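Summary of the model geometry
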Amino acid sequence: MTSPQSDPAPQPPQPPQGHVHGHTHSHGPAAPVSKHLRKVIAAVVIPFATAVVVGLIAFWPGGAPDHERTGVGFDRQTQDGKVVQVVKVDCADVNAAQVPPTGDTSTPSGREAVNEQEGECAKATVEVTSGDDKGRKFVEVVQPDAPRQLREGQGVVVAYAPDAPRDLQYSVTDVNRKIPMTLLAAIFALAVIAVGRLRGVMALVALAVSFAVLTLFILPAILQGSNPLVVAVIGASAIMLAALYMCHGVTARTSVAVVGTLISLLLIGLLGSLFIGWADLSGNTDDNTGLIHGLYPDIDMSGLLLAGVIIGSLGVLDDVTVTQTSAVWELHQADPQMGWRGLYRAGIRIGRDHIASVVNTLVLAYAGAALPLLLLFSIAQSSVGTVANSELVAEEIVRTLVGSIGLVASVPVTTVLAALVVSADRPGAGTSSSTAAAPARTGRGRRRKA
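Here the structure is a predicted model, which is why all the values come from computation and not from measurement.

Parameters and conventions
- Residues numbered from 1 in each chain as written.
- Predicted model: local features only at pLDDT ≥ 70, side-chain atom pairs only at ≥ 80, totals over all residues.
- Heavy atoms only, no water.
- Helix = DSSP H or I, 4+ residues; strand = E, 2+ residues; numbered from the N terminus.
- Buried < 20%, exposed > 50% of the residue type's maximum accessible area, 1.4 Å probe, protein only.
- Contact = heavy atoms within 4.5 Å.
- Areas by Shrake-Rupley, 256 points an atom, 1.4 Å probe, with all protein chains shown as cover.
- Pairing = 2+ DSSP bridges.
- Axes fitted to C-alpha atoms, helices over the stretch in contact; angles between N-to-C directions.
- Salt bridge = Lys/Arg side-chain N within 4 Å of Asp/Glu carboxyl O.
- Patch = residues over 30% accessible without salt bridge, like charges linked within 9 Å, V, L, I, M, F, W, Y side chains within 5 Å.
- Lys, Arg positive; Asp, Glu negative; His and termini not counted.
- Charge placed at Lys NZ, Arg CZ, Asp CG, Glu CD.
- Phe/Tyr/Trp six-rings, centres within 6.5 Å; stacked < 30°, edge-to-face > 60°.
- Parallel < 35°, antiparallel > 145°, perpendicular 65-115°, else oblique.
- Left-handed = near helix turned anticlockwise from the far one by under 90°.
- Nonpolar A, V, L, I, M, F, W, Y, C, P; charged D, E, K, R; others polar.

Further remarks concern the overall build of the protein chain. Across its full length, the protein chain carries 13 helices and five strands. Counting the 450 residues in the protein chain, one finds 36% classified as buried. Of the contacts made within the protein chain by residues no fewer than 6 positions apart, 72% connect residues no fewer than 24 positions apart. When the accessible surface of the protein chain is totalled, it reaches about 24,600 Å², and 61% of it is carbon and sulfur.

Here we have five strands laid out as an open sheet, ordered 3-2-1-4-5, and antiparallel in their pairing. For this open sheet the edge positions go to strand 3 (137–142) and strand 5 (170–175), each flanked by a neighbour on one side alone. Direction aside, the axes of adjacent strands within the sheet are offset by 45 degrees on average. Here strand 1 (residues 77–90) pairs with strand 2 (residues 120–128) via nine bridges, running antiparallel. Across the sheet, Val 86 pairs through a bridge with Ala 124, a residue of strand 2.

Among the secondary structure elements, Phe 48 is positioned in helix 1 (residues 35–59). What makes Phe 48 buried here is its relative accessible area of 16%. Taking C-alpha positions, Phe 48 is 9.0 Å from Ser 237, a pair spaced 189 residues apart along the chain. Excluding its chain neighbours within four sequence positions, the residues that come into contact with Phe 48 are Ser 237, Met 240, Leu 241, Val 258 and Leu 262.

Turning our attention to the pattern of salt bridges. Under the defined criterion, the tally for this structure stands at five salt bridges. Between Asp 133 and Arg 136 there is a salt bridge, and its shortest N-O distance comes to 3.4 Å. Judged by relative accessible area, which is 14%, Arg 136 ranks as buried. Of the charged contacts, one joins Arg 399 and Glu 396 as a salt bridge, the two residues approaching to 3.5 Å between their closest N and O atoms. Here Glu 396 and Arg 399 lie together in helix 12 (residues 391–423), a separation of three residues that amounts to about one turn.

Before going further, it helps to examine a positive patch on the surface. Positive charge collects at one region of the surface, where Arg 341, Arg 345, Arg 349 and Arg 352 lie side by side. Along the chain, Arg 352 falls in helix 9 (residues 340–369). The exposure class of Arg 352 is exposed, given its relative accessible area of 53%.

All right, on to the packing of aromatic side chains then. For the structure shown, the criterion picks out four aromatic pairs. Arranged with centres 5.9 Å apart and planes meeting at 20 degrees, the rings of Phe 138 and Tyr 170 form a pair that is stacked. Placement of Phe 138 in strand 3 and of Tyr 170 in strand 5 is noted, with a sequence separation of 32 residues between them. Assessed through its relative accessible area of 7%, Phe 138 is described here as buried.

Looking at chain direction, strand 1 and strand 4 (residues 155–160) are connected through six bridges and run antiparallel. The residue of strand 4 that forms the bridge with Gln 77 is Tyr 160.

A few words now on the packing of helix 8 (residues 301–334) against helix 12. Following both chains from N to C, one finds helix 8 and helix 12 inclined at 30 degrees, their axes separated by 8 Å at the closest point. Judged by the angle between their axes, helix 8 and helix 12 are roughly parallel. By crossing handedness, the relation of helix 8 to helix 12 is classed as right-handed. Tallied by class, the residues present in the contact of helix 8 with helix 12 amount to 14 nonpolar, 11 polar and two charged.

Structure representation (structure tokens):
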């Protein structure tokens, strides 16, 4: 298809006629579109953004509901602590009340019993460094085969059980990792800013907004009893709008990526709802989900699983849709004579490479998270069919495949949207003066907006 605004005499060595810049790099600003097309895009995006704001207001939880702590798992009172002394002692002296070893060291329980009686244990004195009992000390005995060994001066997290006898009220539950985690986060932020500069700063701001929506809206609203799917869709949409417009600017190109992401999220939601229900996935498969269900029995656990699928897919979807939209925009700027079909064919060729890498990344990410579980199945010598049929693994399979289908679909959807939008532009219908002046410097061609 030949554009009516193109120069009738092709000039292969010259830049495309009416081109704003002499080169096209993806990091450059998006060429603005006409006033007419901006109105069309606004007619789609503004009602959607308004609906998201209304949804946030309607489902705003006002904080997580209170409950009486059970003292189980993560639902415990915790304080900071510090190991002030560690001495080695005979395990038999500190495990006098333990069941005598069986002598059968071929089983894990037998080896553990032998170690408890014959090994060398660590007797750690721990001081509470926060809370009402700051300065209080207690003793923690660490078995020789325990996965976490304590050392003097080490920061720890201690759990408090108020109903237990005084000598047993405190116990070490984890290591305090605040310093290395904070340092790693600072290195990450510096790297993003050093490479991305202003856009990197905006990416970090968008990341903070995403965490705020997750912790202040999505999680409390689900705990308050709101439908997890509805809450996830509203929250994910809010995160998408904030992240895309903050990182890539309020442009027509970003708006097309927003629409493409929204359509893909709706597809993921529909497929996830269908197959989670069809496969009878309860979403209650481990101690953590069991504890949540025990504390808040009204929460729809299968809906919570679906909400996780939607939120987990959002980050990769943003990457795919923005890349495809940018690719189509750059193709149009490089060759304004190319019609929407040509733009789509060229863009989809780029998208195929993106699909292959992104789907592989998503599958490996889920497999890495479930690696200990898969290792247990391997130890048990379970067949592939048995492993895939178990609910723990079936959840990950459904999560991976549904998310991957949404990612694959986002490529043609976003590409065709971008091709239709950029090729349907009406040059001269209310363009900015700064862009209009650029072609005049070339001395040829009519004014055009991409």
